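# Tertiary structure, described
Single-letter residue listing:
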2 protein chains.
Amino acid sequence: MKLAFIGLGVMGGPMAGHLAKAGHSVTVYNRSRDKVQAWAAQHTGTVADTPAAAAAAADIVFSCVGNDDDVREVTIGKHGAFQAMKRDAIFVDHTTASATVAQELNGAARALGLHFLDAPVSGGQSGAEQGILTVMVGGDEKPYSRAEPVLKQYARAVTLMGPSGAGQKTKMVNQICVAGVVQGLAEGLAFALHAGLDAKLVVDVISKGAATSWQMENRGKTMVDGKFDFGFAVNLMRKDLRIAMEEARINGAQLPASALIDQFYATVQRQGGGKLDTSSLIKLLVKP
Amino acid sequence: MKLAFIGLGVMGGPMAGHLAKAGHSVTVYNRSRDKVQAWAAQHTGTVADTPAAAAAAADIVFSCVGNDDDVREVTIGKHGAFQAMKRDAIFVDHTTASATVAQELNGAARALGLHFLDAPVSGGQSGAEQGILTVMVGGDEKPYSRAEPVLKQYARAVTLMGPSGAGQKTKMVNQICVAGVVQGLAEGLAFALHAGLDAKLVVDVISKGAATSWQMENRGKTMVDGKFDFGFAVNLMRKDLRIAMEEARINGAQLPASALIDQFYATVQRQGGGKLDTSSLIKLLVKP
């Protein structure tokens, strides 16, 4: 199948790589040239100068870029993909973005005889590298069923969550849950340290029961050690929580703890920790 | 071995039952007589009229009662166990109580030539019934190693966490973590419902990744259904969070989200939900 991939960052790079390795004809585009050259040095594929040029011949165009404005730029921008795409081709956006931009671009795609799927992922950089991401998709069933087998090249689980925007909304639920888990864990472990407990032994003992979580099992001990270099950064988490809080204004949901935790992440940022991973919330609760 | 068990509630009743079934000579006491009679009808054991009478001949005395004052009453109260216990006997308290009362009673026990272990449990009523509790112990190593094999009759994991009070402090960490997890899950699932998502499908999808938790896997779908009859009650959670917040005043730890969530639990109580389970936090975030 002829594919295009726009955005070769820490997520998009390995994802495009899996498509190339699976034998698809892949044309890639990235805003900064160095990432394109690094990718092309390791993979079989064609390099394009604009999103439009990358997308022109493709059956499916993928993107994984930074935020709402970036997604707009690579789709409906001056050199965006939509103007060049073949009729009935599919645009799959893996960016974690707003449901609003997903619905907007779904409308624009439909008007042009194209399809748009919002398809944010979870699983992080290592999930992308190992090809075991979880993909949460919003959009129509027909283009979904055409795209699904291709998505499986880098995903362990691909699920159609509902109409346009439902993928993004599901990712928001994920991030809201993560925020609560991490803050609870940070308060618990900081309490353990203040109480003079062996905090790693505490993690061993309580991770057997009702308090346990992926975060406790995978980040509990590194939080005790003050190590915060495990991927998903505070800067990105704040973007995701902002998107969720804006969506909550639209749908009427309340996010009292999430809003508070977002403010704690703002403190981590202000103290220079924007690139630390999300478990760095504990830094605000222990002696520096 | 000669054992005594004080407090035959939903936890203590099955725990004492496991000891009797294991062939120990068990003498039981409970404040209200009906629970003693129900227990004695199903198990082999002796019934005593006071904690002191139950404890007189025992090598190890266990208790599982309500709160700090109840623990004081059954140990150093008028008919308490301490006055009657044999020299070098051990008192193991399974109540979730303050570290302060544990340290106070540890001092009193030592003055009388006795041993005191604070040993709160996790695993709930079903864990007690199945004999698979987690026991977090604070106290001295010598009495701990004598008590440990007996505790294994109803526990899957028994761990000495540190000196007197360390068991209670570990349980506090557990409850702090649970509070954060449950509130995050409640906000996430309420958001999913407001967003028009299939919230149970969302649970299926995101419970594969970094947002997952015991609470999500075991309570996520029942929360969506508005079912809150799965054991550990809001009233008890508020007691445990109060103990944790008081201990944090002593050790200097901050619990900003836990304190907020405690207030949400207070709202659930005020609305008549004190006996609902802890996942009922979602009630505050969805339409009634």
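In this text the structure is predicted, and so the values were computed from the model without any measurement. (Residues numbered from 1 in each chain as written. Chains lettered and ligands numbered in written order. Predicted model: local features only at pLDDT ≥ 70, side-chain atom pairs only at ≥ 80, totals over all residues. Heavy atoms only, no water.)

Time to look at the nonpolar core. Grouped together as the largest cluster of nonpolar side chains are 88 residues, with contacts concentrated most on Val173(A), Phe191(A), Tyr265(A), Val173(B), Phe191(B) and Tyr265(B). Residues in contact with Phe191(B), not counting those within four places in the same chain, are Lys169(A), Met172(A), Val173(A), Ile176(A), Ala244(A), Glu247(A), Ala248(A), Asn251(A), Ala253(A) and Leu255(A). (Core = buried A, V, L, I, M, F, W, Y, C linked by side-chain atoms within 4.5 Å. Buried < 20%, exposed > 50% of the residue type's maximum accessible area, 1.4 Å probe, protein only. Contact = heavy atoms within 4.5 Å.)

What follows covers the relation of the copies chain B and chain A. The operation relating the two chain copies consists of a rotation about an axis and a shift along that axis. Least-squares fitting of chain B to chain A yields an RMSD of 0.0 Å, with the superposition described by an axial translation of 0.0 Å and a rotation of 180 degrees. Taken together, the rotation and translation relating the two chain copies correspond to the operation of a two-fold axis. Minimal C-alpha distance to the rotation axis in chain B is attained by Ser213(B), lying at 1.9 Å. Most of the interface of chain B is mirrored in chain A, where 100% of its interface residues again form contacts. (Least-squares fit on C-alpha atoms with pLDDT ≥ 70 in both.)

Residue and element names in this part refer to chain B. Of all the 8 residues making up strand S9 (residues 155–162), 6 are buried; the element is thus mostly covered by neighbouring parts of the structure. By the bridge criterion, 6 bridges tie strand S8 (residues 133–138) to S9 in an arrangement that is parallel. By the bridge assignment, Met 136 is partnered in S9 with Thr 159. Regarding topology, helix H7 (residues 141–151) serves as the crossover connection from S8 to the parallel S9, and that connection is right-handed. (Helix = DSSP H or I, 4+ residues; strand = E, 2+ residues; numbered from the N terminus. Pairing = 2+ DSSP bridges. Right-handed = clockwise from strand over helix to strand, strands pointing away.)

What follows deals with the pattern of salt bridges. Residues and elements named next belong to chain B. Tallying each qualifying case throughout the model produces 28 salt bridges over all chains. The partner of Arg 33 in a salt bridge is Asp 49, with the nearest N and O atoms 2.9 Å apart. Taken as a pair, Arg 33 in helix H2 (residues 33–42) and Asp 49 in the loop between strand S3 (46–47) and helix H3 (51–55) lie far apart in primary sequence, 16 residues in all. The class of Arg 33 is partly exposed, set by a relative accessible area of 42%. Look at Asp 49 and you get exposed, because its relative accessible area is 58%. With a closest N to O distance of 3.8 Å, Lys 152 and Glu 148 form a salt bridge. (Salt bridge = Lys/Arg side-chain N within 4 Å of Asp/Glu carboxyl O.)

We now examine the domain arrangement of chain A. Residues and elements named next belong to chain A. Considered domain by domain, chain A is made up of domain 1 (2–162) and domain 2 (169–284). Between the C-alpha centres of domain 1 and domain 2 the distance comes to 29 Å. Every contact between the two is made by 13 residues of domain 1 and, on the other side, 10 residues of domain 2. Contact between domain 1 and domain 2 buries roughly 860 Å² in total, counting both sides, with carbon and sulfur atoms accounting for 60%. Taken as a group, Thr 96, Ala 99 and Met 136 account for 45% of the area that domain 1 buries against domain 2, more than any other trio of residues on that side. Applying the counting criterion to the domain 1 and domain 2 interface returns 0 salt bridges. At the junction of domain 1 with domain 2, the criterion picks out 4 residue pairs in polar contact (both at pLDDT 80 or more). Looking at the side of domain 1 that touches domain 2, the elements that each hand over two or more residues are helix H5 (99–111) and strand S7 (121–122). (Domains from an automatic or database assignment. Buried area = accessible area lost by both parts, 1.4 Å probe. Polar contact = N/O pair within 3.5 Å; in protein donor to acceptor, adjacent residues only side chain to side chain.)

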